[in-house]
Amino acid sequence: MTGEDEPADSDTVGMVHLVGSGPGDPELLTMKAARLIDEADVVLHDKLPGPEILGMIPAEKREDVGKRAGGEWTPQEYTNARLVELAREGKQVVRLKGGDPFVFGRGGEEMEHLAENGIPFDVVPGITSAVGGPGSAGIPVTHRDYVSSVSFVTGHEDPTKDESAIDWGALAATGGTLVVLMGVGKLPLYTAELLDAGMDADTPVALIERATWPEMRVATGTLETIVDVRDEADIEPPAITVIGEVAATRDHVKEFLRGGGVDALASASTDGMKEAGDEETDE
């Protein structure tokens, strides 16, 4: 890679577009995002845009720089340097992220790095999964009959930090909706923190797996039961946790909601019966 301390030649330098792809449904891409992806020389993408969106991009211009807890891990420093390198080659570069680039998407870090190295860029907002994901499942993050505030929290903080920047006790006291992104694995930890802080054990909670994707599933419970619900339904990342009274609204509307995913507990039970039947038939 080229040295990042070298000044960029303004006559030959390319352009970086920090693009949000939305929660995963390709029809939720903005028109601008779709155009820039089509025009790009290179698309550096995360894991979260979803297989349908990534499948729209020719393999020869895709570069996977995704991060997964417990899985593949591309250092952020590599991604930063690669963006600068490609732009200095005169490339049109799309840095494609799930949701919105600036909601737990490291877009702020990449924007600052590009500016420090003299690389022009623009920002294309996307539908954040923190709002679009619950909405697609029939869960509004605000509702004037229940709640007038919402907090967005990461369930996967930077592991190099000396201590958490999240005050779960303060969040428990706000009385608003709490939306946790990337929080499936640490669900037992933060639900226990909220219970210890005095949040009602009967507070409704919803887990939305692969929101807006064809495989979307939703599991509901309470603050006290949701860990057991997660385990029984086998909820896996990527998933969104919604904590608060609004999480119960799905039960009121799901009969008439189209495209809102399946109930995860019901699908887990059906899958289990199907697998047992298949085994019996094979024998």
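These remarks concern the structure in this document. Computed from a predicted model, the values in this text were never measured in an experiment. (Residues numbered from 1 in each chain as written. Predicted model: local features only at pLDDT ≥ 70, side-chain atom pairs only at ≥ 80, totals over all residues. Heavy atoms only, no water.)

**Brief notes about the packing of helix 7 (residues 187-196) against helix 8 (residues 226-233)**
- Packing of helix 7 against helix 8 brings their axes to within 10 Å, and their N-to-C directions diverge by 160°. By the angle between their directions, the pair helix 7 and helix 8 is classed as roughly antiparallel. You can see that helix 7 and helix 8 cross each other, and the crossing is right-handed. The residues of helix 8 that touch helix 7, namely those facing Leu187, Pro188 and Thr191, are Ile226, Val227 and Arg230. (Axes fitted to C-alpha atoms, helices over the stretch in contact; angles between N-to-C directions. Helix = DSSP H or I, 4+ residues; strand = E, 2+ residues; numbered from the N terminus. Parallel < 35°, antiparallel > 145°, perpendicular 65-115°, else oblique. Left-handed = near helix turned anticlockwise from the far one by under 90°. Contact = heavy atoms within 4.5 Å.)

**Some thoughts on the sheet that holds strand 1 (residues 15-20)**
- The strand order across the open sheet formed by 5 strands is 3-2-4-1-5, and the pairing between neighbours is parallel. A single partner strand is all that each edge strand has here, and the edge strands are strand 3 (62-64) and strand 5 (121-124). Neighbouring strand axes in the sheet, compared pairwise and without regard to direction, differ in orientation by 20° on average.
- Of the pairings in the sheet, the one linking strand 1 to strand 4 (residues 92-97) comprises 6 bridges and is parallel in character. Within strand 4, the position partnered with valine 16 by the bridge is valine 93.
- With respect to the sheet, helix 3 (residues 76-88) is in contact with strand 1, strand 2 (42-45), strand 3 and strand 4, its orientation differing from that of strand 4 by roughly 155°.
- Against the sheet, helix 4 (residues 107-116) contacts strand 1, strand 4 and strand 5, and its axis sits at roughly 170° relative to strand 1. (Pairing = 2+ DSSP bridges.)

**A word on the nonpolar core**
- Counting 24 residues, the largest nonpolar core has Trp168, Leu178, Leu194, Ala219, Ile226, Ile235 and Ile243 as the members making the most contacts within it.
- Looking at this core, the elements that each hand over two or more residues are helix 6 (168-174), strand 7 (177-181), helix 7, strand 8 (204-209), helix 8 and strand 10 (239-243).
- When residues in this core are grouped by element, the largest group, 4 residues, is from helix 8.
- Not counting the four nearest positions on each side in its chain, leucine 178 is found in contact with Ser151, Val153, Trp168, Leu171, Leu194, Thr241, Val242 and Ile243.
- Core analysis: the next-biggest nonpolar cluster, separate from the first, contains 16 residues, Val141, Val147, Val218 and Ile240 among them. (Core = buried A, V, L, I, M, F, W, Y, C linked by side-chain atoms within 4.5 Å. Buried < 20%, exposed > 50% of the residue type's maximum accessible area, 1.4 Å probe, protein only.)

**Digging into unusual backbone geometry**
- Residues proline 237 and proline 238 are joined by a peptide bond in cis, for which omega reads 0°.
- Looking at the element boundaries, proline 238 is found in the loop between helix 8 and strand 10.
- In the Ramachandran plot, phenylalanine 104 falls in the positive-phi region, its phi being about 55° despite a non-glycine side chain.
- Mapped onto the secondary structure, phenylalanine 104 falls in the loop between strand 4 and helix 4.

Geometric values such as these leave the question of function open.
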